[in-house]
Amino acid sequence: MKRRKCREVKLRQTVIGGSAPISVQTMSTVNPADYVKGSADAGRLAAYGAEIIRFAVPDMRAAKGLSHIVKDSPVPIVADIHFDYRLALESVSSGVDALRINPGNIGSDDRVGAVVDAVKKRNIPIRIGINAGSLPSDILATYNGHPTAEGMVEGALRHIRICEHLDYKNLVISLKASDVPLMIEAYSLLAEKVDYPFHLGVTEAGLLRDGTVKSAIGIGSLLYAGIGDTIRVSLTDDPAEEVKTGRSILSALGLRHFGPTIISCPTCGRTQVELIHLAKEVETALADIDAPLKVAVMGCVVNGPGEAREADFGIAGGAGSGIIFSHGEILRTVSEKDLVTGLLEEINKSLS
């Protein structure tokens, strides 16, 4: 994968773009007006691996509450603003690390100028976010009333031009759609026109299973093409699931490594062990290990070591017993009840 060249922007010490690692974002469900609960949620999501956390800012109390959350949060905080430039100004005063706001939607030139002046003084970026479902009516009219990739790109360029006219280029751009092919096409088109870093996401992706599938296809396809610098998986679920799914996407593409990756075979008629239970037990047992290992959980000793020879460590179950192996070589045979314990012993031995 050859990564698209783009500018860098900074949120505290977190870099988006350039050659920086692709970061994982999420959005808290807490109104920051309740800053005690908001701070706790930011800490919780950061512990799951969120590297940037966004909060919706519906009113002035929420904007002011962000000041407490920013001070407590171990990771950068983004204020999500719609239409009201005063909320943007107050959020900047609260010390947020970035704004998510579309300059063309906040009114007159002096209001846009006030927001741009505020972020310039703090040296924080703006994320311009285009959603297929909320394109301006004149752009929709150009394309027979339907969102298109070309229309989404034009919408983004309008906001970008406003910022560039004010000599402000500290930008991140997103072009989200719930339609996966539309989202992929829009990002691909804009990648040919600007050099700003991209925030990737399939918006309104749905519940955990379908949302994970759609996000993996949309985000993963673009990342494989070298497009994308930070990601958010949008799920109708606990935001912690967004973080875990985002990390899994990056791990599957080999772009980041977040502890062990489990390779497990689908169960079949040859299997003489409770494979699903065994794989879940291994997953739980590996939760506290940070090393980027490949760990295999295989259903039978006949094919297990060979099919999983690329795994750093693995187990394969049999009738009452099984084997522990490493890179296709059998290390030892143990009883079925000792498979997970023995696997952990071998892994810990290698890491000590």
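Calculation criteria
- Residues numbered from 1 in each chain as written.
- Predicted model: local features only at pLDDT ≥ 70, side-chain atom pairs only at ≥ 80, totals over all residues.
- Heavy atoms only, no water.
- Helix = DSSP H or I, 4+ residues; strand = E, 2+ residues; numbered from the N terminus.
- Buried < 20%, exposed > 50% of the residue type's maximum accessible area, 1.4 Å probe, protein only.
- Contact = heavy atoms within 4.5 Å.
- Domains from an automatic or database assignment.
- UniProt positions renumbered as here; feature names shortened; annotations may be inferred.
- Pairing = 2+ DSSP bridges.
- Axes fitted to C-alpha atoms, helices over the stretch in contact; angles between N-to-C directions.
- Patch = residues over 30% accessible without salt bridge, like charges linked within 9 Å, V, L, I, M, F, W, Y side chains within 5 Å.
- Areas by Shrake-Rupley, 256 points an atom, 1.4 Å probe, with all protein chains shown as cover.
- Salt bridge = Lys/Arg side-chain N within 4 Å of Asp/Glu carboxyl O.
- Right-handed = clockwise from strand over helix to strand, strands pointing away.
- Polar contact = N/O pair within 3.5 Å; in protein donor to acceptor, adjacent residues only side chain to side chain.
- Expected span 1.5 Å × (residues − 1).
- Phe/Tyr/Trp six-rings, centres within 6.5 Å; stacked < 30°, edge-to-face > 60°.
- Lys NZ or Arg CZ within 6 Å of the ring centre and 35° of its normal.

## So, the overall build of the protein chain
Piece 1. Summing up its helical and strand segments, the protein chain has 12 helices and 15 strands in all.
Piece 2. With the C-alpha coordinates of the protein chain rotated into their principal frame, the extents come out at 75 × 45 × 30 Å.
Piece 3. Expressed as a percentage of the 352 residues in the protein chain, the buried residues total 51%.
Piece 4. Once local pairs closer than 6 in sequence are excluded, the contacts in the protein chain between residues at least 24 apart make up 62%.

## Some thoughts on the domain arrangement of the protein chain
Piece 1. Domains assigned within the protein chain are domain 1 (8–253) and domain 2 (261–351).
Piece 2. Once you take the C-alpha centre of each, domain 1 and domain 2 turn out to be 40 Å apart.

## Description of the UniProt feature "binding site: [4Fe-4S] cluster" (unreviewed entry) in the protein chain
Piece 1. The feature "binding site: [4Fe-4S] cluster" (unreviewed entry), as annotated in UniProt, sits at Cys265, Cys268, Cys300 and Glu307 in this numbering.
Piece 2. Position of Cys300 among the secondary structure elements: in the loop between β12 (294–298) and α11 (304–307).
Piece 3. Residue contacts for Cys300: discarding those within four places in its chain leaves Arg270, Ala316 and Gly317.
Piece 4. On the secondary structure map, Glu307 appears in helix α11.

## Observations concerning the sheet that holds strand β10 (residues 230–232)
Piece 1. Taken together, 8 strands build an open sheet; the order of strands is β8-β7-β6-β5-β4-β3-β10-β9 and the sheet is parallel. Every other strand in the sheet has two partners, leaving β8 (171–176) and β9 (199–200) as the edge strands with one partner each.
Piece 2. Set on the sheet, helix α6 (residues 149–165) makes contact with β7 (126–131) and β8; between it and β8 the angle comes to about 160°.

## Digging into a nonpolar patch on the surface
Piece 1. Taken together, the side chains of Met1, Tyr224 and Leu255 make up a nonpolar region of the molecular surface, amounting to roughly 330 Å² of accessible area.
Piece 2. You can see Leu255 is positioned in the loop between α9 (239–252) and β11 (261–264).

## Regarding the pairing of β11
Regular strands place side chains that alternate from one sheet face to the opposite one.
Piece 1. When β11 meets β12, the two strands line up parallel, connected through 4 bridges. Looking across to β12, one finds that Ile263 is bridged to Ala296.
Piece 2. Crossover handedness for the path β11 to helix α10 (residues 275–285) to β12: left-handed.

## Observations concerning unusual backbone geometry
Piece 1. With a phi angle near 50°, Glu204 is a residue other than glycine that sits in the positive phi range.
Piece 2. According to the relative accessible area criterion, Glu204 is exposed, its value standing at 61%.

## Overview of the pairing of β8
Piece 1. The buried count for β8 comes to 6 of 6 residues, which makes it a mostly enclosed element.
Piece 2. Of the two faces of β8, the one carrying Leu171, Ile173 and Leu175 and the one carrying Val172, Ser174 and Lys176 are both buried.
Piece 3. Judged from the 6 bridges that link them, β7 and β8 form a sheet pairing that is parallel. Looking at the pairing, Ile130 lines up with Leu175 of β8.

## Digging into the side chain of Glu242
Piece 1. As for its position among the elements, Glu242 is in helix α9.
Piece 2. Within the structure, the side chain of Glu242 is placed 3.0 Å from the backbone nitrogen of Leu235, a separation counted as a polar contact.

## What to know about helix α4 (residues 109–122)
Piece 1. Over its 14 residues, α4 runs 20 Å from end to end, which matches the ideal 20 Å to within 8%, given 1.5 Å per residue.
Piece 2. Buried residues of α4: Val112, Gly113, Val115, Val116, Ala118 and Val119, and no others.
Piece 3. Buried positions along α4 lie against α3 (85–93), β6 (98–100), β7 and α6.
Piece 4. Asn123, located one to two residues past α4, shows a positive phi value of around 55°.

## Observations concerning the packing of aromatic side chains
Piece 1. Counted by the stated rule, this structure contains 1 aromatic pair.
Piece 2. Taken together, a centroid distance of 5.7 Å and an interplanar angle of 55° make the contact between Tyr187 and Phe198 tilted. Placement of the pair is Tyr187 in helix α7 (residues 180–191) and Phe198 in the loop between α7 and β9, with a sequence separation of 11 residues.
Piece 3. When its relative accessible area of 0% is taken as the criterion, Tyr187 is described as buried.
Piece 4. The ring of Phe198 is capped by Arg4, whose NZ or CZ atom sits 3.9 Å from the centre of that ring.

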